[in-house]
Amino acid sequence: MTNNNLSDRTPTPAELGFAMPAEFAPHDACWMLWPQRPDNWRYGAKPAQESFVAVASAIAESETVFVGVNDDQYENARYHLPAHIRVVELSSNDAWMRDVGPTFLTHTDGRLAMVDWEFNAWGGLNGGLYFPWDKDRRIRGKIAEMLGIERFISPLVLEGGAIHVDGEGTLITTEECLLNPNRNPEWSKADIERLLCDFLGVSKIIWLPRGCYQDETNGHVDNLCCFIAPGEVALTWTDDVNDPQHGICQEAREILEGATDAKGRRLEVHLLPQPGPLTIAATEASGVDRLSGSKPRQPGDRMAGSYVNFYIGNSVVVMPLLDPAHDDKAKTILEALFPNRRVLGVPAREILLGGGNVHCITQQQPRSHLIKYRGGTSV
C-alpha cells in the first residue's frame, strides 16, 4: 500500500544536494567492527579475528581504517591489529559494518553526511539472524557524532549490502531483499523506490529478482553483483546448469544486459566464477556455541560464497580467497578490471562461515575536504 506519510515536506537529502557516491570513488577511510559472538563465530571468534585483521591490514595500505570494538575486547583487538589501524570503542551486537554502519553521502560543496536506516537484524522476529540488535542500531548515530556530520534518519529498513550505486544516478538492488515482508511490508515497490531516490540521490533503480542461493541476508545484491565503473558491473557466475545458482545468475545477467543506467548507457557485464559450491564442515559447525535467538550452523549447510564480495579501496581491491580451484582465475579477472589498483587476496573462509565476506564487514567513508584527522579526532 502507499503510505501517505511519505509526503512529509522536510527537505530530502537529494533535494539538499546530497547523493551516495560509488565505492570506486575516492575514500577518506574504511570502517569495520570486531567479531566476538560465540554463537556466530566459531571458537570464540579467534579464527575470524585473524581474518578481520588481514582484511583491515590490506585496506590500510590504501586508506585509514577504523575498527569499532566492544569494551571487553578492546585490549585484545588493539594487540592484534597493526598500530596504524585506529581502534575505537564502538559497541555492537555483531561485526557486519556494511549493514549496520552508515551509508555515507557527499555534497558538491564538500560536505559529508550519512543515512541512518532502520535495522532489524535481517528480518526482525520473522527470520532475523539474532536478537537483540540494539547496539547495532546505535552505531550510525555514534559515527555521525564522532565525525560531526549531518545524519538523515530514514524509515526504511535497509542494510548497506542490499544496494550498490554507480555514483551517477543508478542503483541496483534485489526484490528478494527490499520487497521481503520481513523488511518493509507496509510499503509498495513504488514507495521504496521513492525513498531510495530521496535519500541516496539516485534516479534509476535496476531490480534483480534474487540474490545468491542460500544467502541468509535474503538476497543482498553485494554478494551477487556490483558496479566496478560507470556502465560496468561484475556478476558472480556458474556454468553448472544443475546448480540452483545457475538460474539466478542467468536471470540477473539477462536483466543487467537489457537495462540502461541513469545516463542511458547499456551495462557491460563482467563474469566472476563462483567458488565451490562451499559447505560447512562438521569441525567448523561444532565450534559454534548454541544459543537461543541466533542462526544455527549445521554441518553440510551450503554457504553463499562469492568473489563479487570484494572491497574497492583507493589503491587496492581486497578480494576473498575462498576456493583454491577458482581463486587465481577470479584474481586475474579482477586485476584486468582494476588495472590501476593492486588486487590483494585475503583468506576469507572464516568470514564466510559467519554469513558474509569482505564487503559485508567493511564500509567506505567517501573523501571530503571538510573532514580532517588530527590526533585521532575529526575537525
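Higher on the page you've got the structure.
Treat the numbers as computed from the prediction; the structure is a model and nothing was measured.

Thresholds, definitions, all that
- Residues numbered from 1 in each chain as written.
- Predicted model: local features only at pLDDT ≥ 70, side-chain atom pairs only at ≥ 80, totals over all residues.
- Heavy atoms only, no water.
- Phe/Tyr/Trp six-rings, centres within 6.5 Å; stacked < 30°, edge-to-face > 60°.
- Buried < 20%, exposed > 50% of the residue type's maximum accessible area, 1.4 Å probe, protein only.
- Lys NZ or Arg CZ within 6 Å of the ring centre and 35° of its normal.
- Helix = DSSP H or I, 4+ residues; strand = E, 2+ residues; numbered from the N terminus.
- Expected span 1.5 Å × (residues − 1).
- Contact = heavy atoms within 4.5 Å.

(A) Structural detail: the packing of aromatic side chains. Counted by the stated rule, this structure contains nine aromatic pairs. Residues F119 and W122 carry aromatic rings whose centres are separated by 5.1 Å and whose planes lie at 85° to one another, so their mutual orientation is edge-to-face. Like W122, F119 is buried. Taken together, W41, F52 and W96 form an aromatic cluster joined through their ring pairs. The residue whose ring lies beneath R37 is Y130, and the NZ or CZ to ring-centre distance is 4.4 Å.

(B) Main features of helix 6 (residues 189–200). Its twelve residues place the ends of helix 6 16 Å apart at the C-alpha level, agreeing with the 16 Å of an ideal helix rising 1.5 Å per residue. Buried residues of helix 6: D191, I192, L195, L196, D198, F199 and L200, and no others. At the exit of helix 6 stands G201, carrying a positive phi of roughly 70°.

(C) Layout of the environment of Y213. You can see Y213 is positioned in the loop between strand 10 (204–208) and strand 11 (225–229). As a C-alpha pair, Y213 and R138 span 75 residues in sequence and 30 Å in three-dimensional space. Beyond its immediate stretch of four places on either side in the chain, Y213 contacts P244, Q245, I248, R302 and A304.

(D) Examining unusual backbone geometry more closely. Cis geometry is found at the peptide bond from F131 to P132, where omega equals 0°. Relative to the helices and strands, P132 resides in the loop between strand 6 (112–118) and helix 4 (134–147). Between G276 and the following residue, P277, the backbone shows a cis peptide bond with an omega angle of 10°. Positionally, P277 belongs in the loop between strand 13 (268–273) and strand 14 (278–279). In this model, A45 sits at a positive phi of 70°, which is unusual for a non-glycine residue. Inspection of the secondary structure assignment puts A45 in the loop between strand 2 (27–33) and helix 1 (46–60).

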